[in-house]
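Okay, here's what each chain looks like letter by letter:
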Amino acid sequence: IGLYVVNHAHDGAGNLQSNGNYINIILFTYNGNVWSSASPIYWKDATTYADFYVYYPYAAVTNVADYAFNVKEDQSTVAAYKACEFLYGTAKNLAPTANVVNVTTYHSMSCAVIKLAAGDGFTDEDLADANIALELHGLKTEASINLSTGKVSPVGDTKTIVPLKDGGKYIAIVVPQTISAETFIVVNIDGEVYTMPKEDFTFVGGKRHTFTVTVSKTGSGLNV
């Protein structure tokens, strides 16, 4: 994780800046038991209060008000999926103490979960045996994050995300945003491509949204 520390008087308020903070981005790593910092850090003195800002994953930051982060377009592997996560948390107006400082972090990104359900003419076994590929269209994958507030804003052009197949569902980490593409979910079943039109929908940071796609046979093939 990366950590900023901003000092201020007890009755004042800290102001996180890109440079000039008491601690400017120090690396902390966790070995499964304890956290260790890249170099020792201490309270300024016995009376100066401090605000702590934590973010994950650790990376260099040029502008704390506009930190660039992106989720991967191909999230089909566990490693790629996990690389899309961004955690953020703060602990503010803390008095100097010898005790551990606890900072709770939250999921800044949103999560899409897509489940395929068997409709008319299909069974769960049919879907389990089929060769299925699924894509999410019309999503911005780039984000601007304000490390002072934790606010995430989508930026850039829309892209296509390939989610991770997780048992009987597909999951993808998504930048919080409102989708506006005419096509959202695209499913390829045994070589046949079918689309699910979008409805206006907003992905919310820190929330998991589940979509169920019912697949039905018709005289001409499949309906999604």
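On a predicted model such as this, the values are computed, not experimentally measured, just so you know.

Caption draft 1: How the structure looks around the pattern of salt bridges. Evaluation of the coordinates by the stated rule reveals two salt bridges. Across the salt bridge formed by E73 and K159, the nearest N and O atoms sit 3.8 Å from each other. One end of the pair, E73, is in the loop between β5 (67–70) and α1 (78–82); the other, K159, is in strand β10 (residues 152–161), with 86 residues separating them in the sequence. Taking the shortest distance from any N to any O, the salt bridge between K169 and D166 comes out at 3.2 Å.

Caption draft 2: Region of the structure containing the sheet that holds strand β7 (residues 106–107). The six strands are arranged β3-β2-β1-β4-β6-β7 in an open sheet whose pairing can be described as antiparallel. Strands with a single pairing partner mark the edges of an open sheet, and in this sheet they are β3 (35–37) and β7.

Caption draft 3: Focus on the nonpolar core. Y4, F86, M109, I114, L136, L147 and I185 are the most contacted members of the largest nonpolar core, which has 49 residues in total. Residue contributions to this core peak at six residues, all from strand β9 (residues 132–145).

The rules behind each value
Residues numbered from 1 in each chain as written. Predicted model: local features only at pLDDT ≥ 70, side-chain atom pairs only at ≥ 80, totals over all residues. Heavy atoms only, no water. Salt bridge = Lys/Arg side-chain N within 4 Å of Asp/Glu carboxyl O. Helix = DSSP H or I, 4+ residues; strand = E, 2+ residues; numbered from the N terminus. Pairing = 2+ DSSP bridges. Core = buried A, V, L, I, M, F, W, Y, C linked by side-chain atoms within 4.5 Å. Buried < 20%, exposed > 50% of the residue type's maximum accessible area, 1.4 Å probe, protein only.

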